[in-house]
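Residues per chain, in single letters:
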Amino acid sequence: MTATPLPASIDDTMALLDSEGYVGDRALATVLLLALKLKRPLFLEGEAGVGKTEIAKVLSQALGRDLIRLQCYEGLDISTAVYEWNYAAQMVEIRVSEATGDTDRDDLSKSVFGERFLIRRPILQALQPSVNGAPVLLIDELDRADEAFEAFLLEVLADSQVTIPELGTIRAEEPPIVIITTNRTREIHDALKRRCLYHWVDYPDAERELEIVRRKVPGAAERLTAELVAFVQKLRTDEDLFKQPGVAETLDWATALTELNEIALDPDMVSDTLGVLLKYQDDIDRVRGSRARQMIDEIRRDMERAGQETV
């Protein structure tokens, strides 16, 4: 992987996203550019499936930087996220020292708590120098972790460093490019947000979602793509769903219908494949059958009317 220079302008950032097939808007490109120039973490908040994680992946690919991902979950602690000691190897070192008579406590302590026994987890890895430049550190779904872990992150985000009692403070020569995502299942503390630039990643409008599907599912028929995107947009605006479909579900549905050789939305096929798009049975029951047929009819009337108006 060859490192490339950081973008110098908003247009360059838009082009960088576009080069990896990410259809972003100017607001995202602006805050992303500022995060890179100011060397500040970028805090991305939004519903699941709108493309937050993909931004970190795109940055890694486009800039030629390593991607280090920390997937958060309940109970995540320092030994999993930052570092731990190789206890088995330390015990072997102690036994060997005892067997050879080398039992000076100070020397032994320095030996077993040295770099060669340190296991680097994602955050510590991200602070290490790299030939490709500072890596992209993705702290994914932070809202799934405990609040105590948030408190630990403050030192990392503010000073790009961690403190290991046995070794002291380890600081990055160049701060990593930090992307933090959250699905907003709980509020993140203000102290952490203050250390970051913030951006809300919303559902795309129809035009942008249409372009995303065209790029990501190029084999889909044009009519199917247009009707499918209109259907998803209508679900988000007109239906009171427990969980609205994200862009990821739109792409999955487009791929599934293409695999089934569909060239346009068919009411029966829509009802049969709603489990690809919607993930709760109550939502599926609300849309399946007559409602799906009614929505398709409305979409086609709207598209026909729009076509007549442009003639």
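Residues numbered from 1 in each chain as written. Predicted model: local features only at pLDDT ≥ 70, side-chain atom pairs only at ≥ 80, totals over all residues. Heavy atoms only, no water.

**Student:** Which residues make up the sheet that holds strand E9 (residues 197–200), and what are the values?
**Tutor:** Spatially, E2-E5-E8-E1-E9 is the arrangement adopted by the five strands of the open sheet, whose pairing is parallel. Since the sheet does not close on itself, it has two edges, and those belong to strand E2 (67–71) and E9, each with one partner. Shown here is a sheet whose adjacent strand axes are inclined to one another by a mean of 20°, direction ignored. By the bridge criterion, four bridges tie strand E1 (residues 42–45) to strand E8 (residues 177–182) in an arrangement that is parallel. Bridge pairing links Glu 45 to Thr 182 in E8. Sitting on the sheet, helix H3 (residues 52–63) is in contact with E1, E2, strand E5 (136–140) and E8, with an inclination near 160° to E8. (Pairing = 2+ DSSP bridges. Helix = DSSP H or I, 4+ residues; strand = E, 2+ residues; numbered from the N terminus. Axes fitted to C-alpha atoms, helices over the stretch in contact; angles between N-to-C directions. Contact = heavy atoms within 4.5 Å.)

**Student:** Which residues make up the packing of helix H12 (residues 247–259) against helix H13 (residues 267–277), and what are the values?
**Tutor:** A pair of packed helices is captured by two measures, namely the crossing angle of their axes and the spacing between those axes. Where H12 meets H13, the closest approach of the two axes is 9 Å, and the angle between their N-to-C directions is 140°. Put simply, H12 runs oblique to H13. Along this stretch, H12 crosses H13, giving a crossing that reads as right-handed. Taking contact as the criterion, the partners of Glu 249, Thr 250, Asp 252, Trp 253, Ala 256 and Leu 257 in H12 are, on H13, Met 269, Val 270, Thr 273, Val 276 and Leu 277. Of the residues contributing to the contact of H12 with H13, the split by class is seven nonpolar, two polar and two charged. (Parallel < 35°, antiparallel > 145°, perpendicular 65-115°, else oblique. Left-handed = near helix turned anticlockwise from the far one by under 90°. Nonpolar A, V, L, I, M, F, W, Y, C, P; charged D, E, K, R; others polar.)

**Student:** Could you give an account of the layout of surface pockets, with specific residues and numbers?
**Tutor:** Its volume calculated, the largest pocket comes out at about 570 Å³. Lining the largest pocket are 30 residues, and of these Gly 49, Val 50, Gly 51, Lys 52 and Glu 54 lie nearest its centre. Secondary structure elements with two or more residues in the lining of the largest pocket: H3, E9, helix H10 (206–216) and H12. Here the element with the most residues in the lining of the largest pocket is H3; it accounts for four residues. (1 Å grid on protein atoms, 1.4 Å probe; cavity = no way out; pocket = protein on both sides within 12 Å on 5 of 7 lines; lining within 4 Å. Points joined across faces, edges and corners; volume = space filled by probe spheres on them.)

**Student:** So what's going on with the environment of Pro 122? Residues and values would help.
**Tutor:** With respect to the secondary-structure elements, Pro 122 resides in helix H7 (residues 122–126). A sequence separation of 53 residues divides Pro 122 from Arg 69, and the C-alpha atoms of the two residues are 6.6 Å apart. Setting aside residues up to four positions removed in sequence, Pro 122 forms contacts with Ile 68, Arg 69, Leu 70, Thr 80, Ala 81 and Leu 137.

**Student:** Just give me the short version of the side chain of Thr 53, but keep the residues and values in it.
**Tutor:** Inspection of the secondary structure puts Thr 53 in helix H3. Setting aside anything within four residues of it in sequence, one finds Thr 53 in contact with Arg 69, Leu 138, Asp 140 and Thr 181.

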